[in-house]
Amino acid sequence: ATPASAATVFTDGFEGDDPDLAVTTLDNWTVTQGVSVDVVGSPNAFTIGITPPASGNVIDLDGTPGPATITSNASLNLGFNAGDLVTFSFDVGGAQRGSVADNFQAILFLDPSKVSGLTGTGLTSTGFGSTANSIFSSVSIPGSTAFTTSSISFIATGAGTIRMAFGTTSADNIGPLLDNVRLDVSAVPEPATWAMMLFGFGFVGGAMRARRRKQNVAVRYA
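Per chain, residues are indexed from 1 in the order of the written sequence. With the structure being a predicted model, the display of local features is reserved for residues of pLDDT at least 70 and the display and counting of side-chain atom pairs for 80 or more, all residues being used for whole-chain, interface and lining totals. The side-chain quantities take in all heavy atoms of the structure and omit both hydrogens and water.

Undergrad: Explanation requested: the packing of aromatic side chains in the structure shown.
TA: Think of a pair of aromatic rings as described by two things: how far the centres are apart, and how the planes are tilted against each other in angle. Only Phe, Tyr and Trp rings take part, Trp by its six-membered ring, and two of them pair if their centres are within 6.5 Å. Stacked means planes under 30 degrees apart, edge-to-face means over 60, and tilted covers everything else. Under the counting rule described, the total for this entry stands at 9 aromatic pairs. Pairing Phe-90 with Phe-166 gives two aromatic rings, centres 5.1 Å apart and planes at 80°, and the pair type is edge-to-face. With Phe-90 in strand E8 (residues 84-93) and Phe-166 in strand E14 (residues 160-167), the pair connects residues that are 76 residues apart, well separated along the chain. Summary of the burial criterion: residues with accessible area below 20% of their type's maximum are buried, those above 50% are exposed, and those between are partly exposed, where the area comes from a 1.4 Å probe applied to protein chains only. Overall, Phe-166 belongs to the buried group, its relative accessible area being 0%. Aromatic rings pair up to connect Phe-10, Phe-14, Trp-29, Phe-88, Phe-90, Phe-104 and Phe-166 into one cluster. Strands here mean DSSP runs of E at least two residues long; helices mean DSSP runs of H or I at least four residues long; both are numbered from the N terminus.

Set out below in structure tokens:
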């Protein structure tokens, strides 16, 4: 059987954005709520350690001034179909310049009625909520938290489009740090395909057992 097809439909490590303070427009994002974000490079003068899995430039969501929410540009035209597995992943860490915890929100703007089996990993494995036009994870991240690959996933119950957003309510100019945003859409096999795969596995297993029995036959001559 043919395996499920998977595609990375969007990825952004913010390497195309110049390090700067008070940024309101990024290559693929716009500040849609709040004031501004900071693009922080490596090395930098802010004692921010950009360590794996993060690399290069990162976004400080509580900019100078902040805080802010960034939303992917509508021109990206990202979509999914019924039955697709949609995975929204990113690297996120604490502010690093203090132990105070900051709120962090990862948001998917879409029709919540088309979402089934909502799950998360890493720092966004909890804190799920929804509005009339979005699903989200809202969590508190201590400033000392290392960069952690986190995600939100769901199975689509119908076709639709999607926009992504990140935000914070931190208002002390040192907010959560973000890098390596990615959206993957995988076509989940139909039930008939699963049946074919199971039949194939059973056939191969039976053939292997028959071969072992044949190899164990001993012939003796009187």
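Undergrad: Help me understand the nonpolar core in this model?
TA: A general feature of soluble globular proteins is that nonpolar side chains tend to end up buried together. Nonpolar core, defined: a set of buried Ala, Val, Leu, Ile, Met, Phe, Trp, Tyr and Cys residues in which side-chain atoms within 4.5 Å join the residues together. Among the nonpolar cores identified, the biggest contains 36 residues, and Phe-88, Phe-166 and Val-181 are the most heavily contacted of them. By definition, residues are in contact when any of their heavy atoms lie within 4.5 Å. Apart from the residues lying within four places of it in its own chain, the contact partners of Phe-166 are Trp-29, Leu-61, Ala-68, Thr-69, Ile-70, Phe-88, Phe-90, Phe-104, Gln-105, Ala-106, Leu-178 and Val-181. By size, the runner-up hydrophobic cluster in this structure holds 7 residues, among which are Val-40, Ile-48, Ala-54 and Phe-147.

Undergrad: Looking at this structure, how should I read unusual backbone geometry?
TA: Note: most residues except glycine have negative phi, and most peptide bonds are trans. With an omega dihedral of 5°, the bond running from Ser-42 to Pro-43 counts as a cis peptide bond. As for its placement among the helices and strands, Pro-43 is situated in the loop between strand E4 (37-40) and strand E5 (58-60). Here the amide bond leading from Thr-64 into Pro-65 is cis, since omega sits at 0°, within 30 degrees of zero. If you trace the backbone, Pro-65 turns up in the loop between E5 and strand E6 (68-72). Phi at Gln-96 takes a positive value of approximately 75°, unusual for a residue other than glycine. Positionally, Gln-96 belongs in the loop between E8 and strand E9 (102-109). The residue Asn-173 is not glycine, and still its phi comes out positive at about 70°. Secondary-structure assignment places Asn-173 in the loop between E14 and strand E15 (177-187).

Undergrad: For this particular structure, what's the right way to read the confidence of the model for the chain?
TA: Low-pLDDT portions of the prediction should not be read for the details of their coordinates. Scored by pLDDT, the chain has a mean of 87; 82% of the residues are at 70 or more. Scored below 50 in pLDDT, residues 192-201 shows 5 contacts in the model against residues more than four places distant or in partner chains. Per-residue confidence from the predictor is reported as pLDDT, a score between 0 and 100.

Undergrad: Please explain the environment of Ser-134 as it appears in this structure.
TA: Mapped onto the fold, Ser-134 is located in strand E12 (residues 134-141). Among the residues examined, Ser-134 registers a relative accessible area of 4% and is labelled buried. In contact with Ser-134, other than residues within four places in its own chain, are Ile-107, Leu-108, Phe-109, Leu-110, Pro-112 and Gly-129.

Undergrad: Could you clarify how one ought to interpret the side chain of Ser-89 in this entry?
TA: Summarising the element assignment, Ser-89 is placed in strand E8. On the basis of relative accessible area, Ser-89 is assigned to the buried category, the value being 14%. Among all residues touching Ser-89, those that are not within four sequence positions of it are Ser-150, Ser-151, Asn-180, Val-181 and Arg-182.

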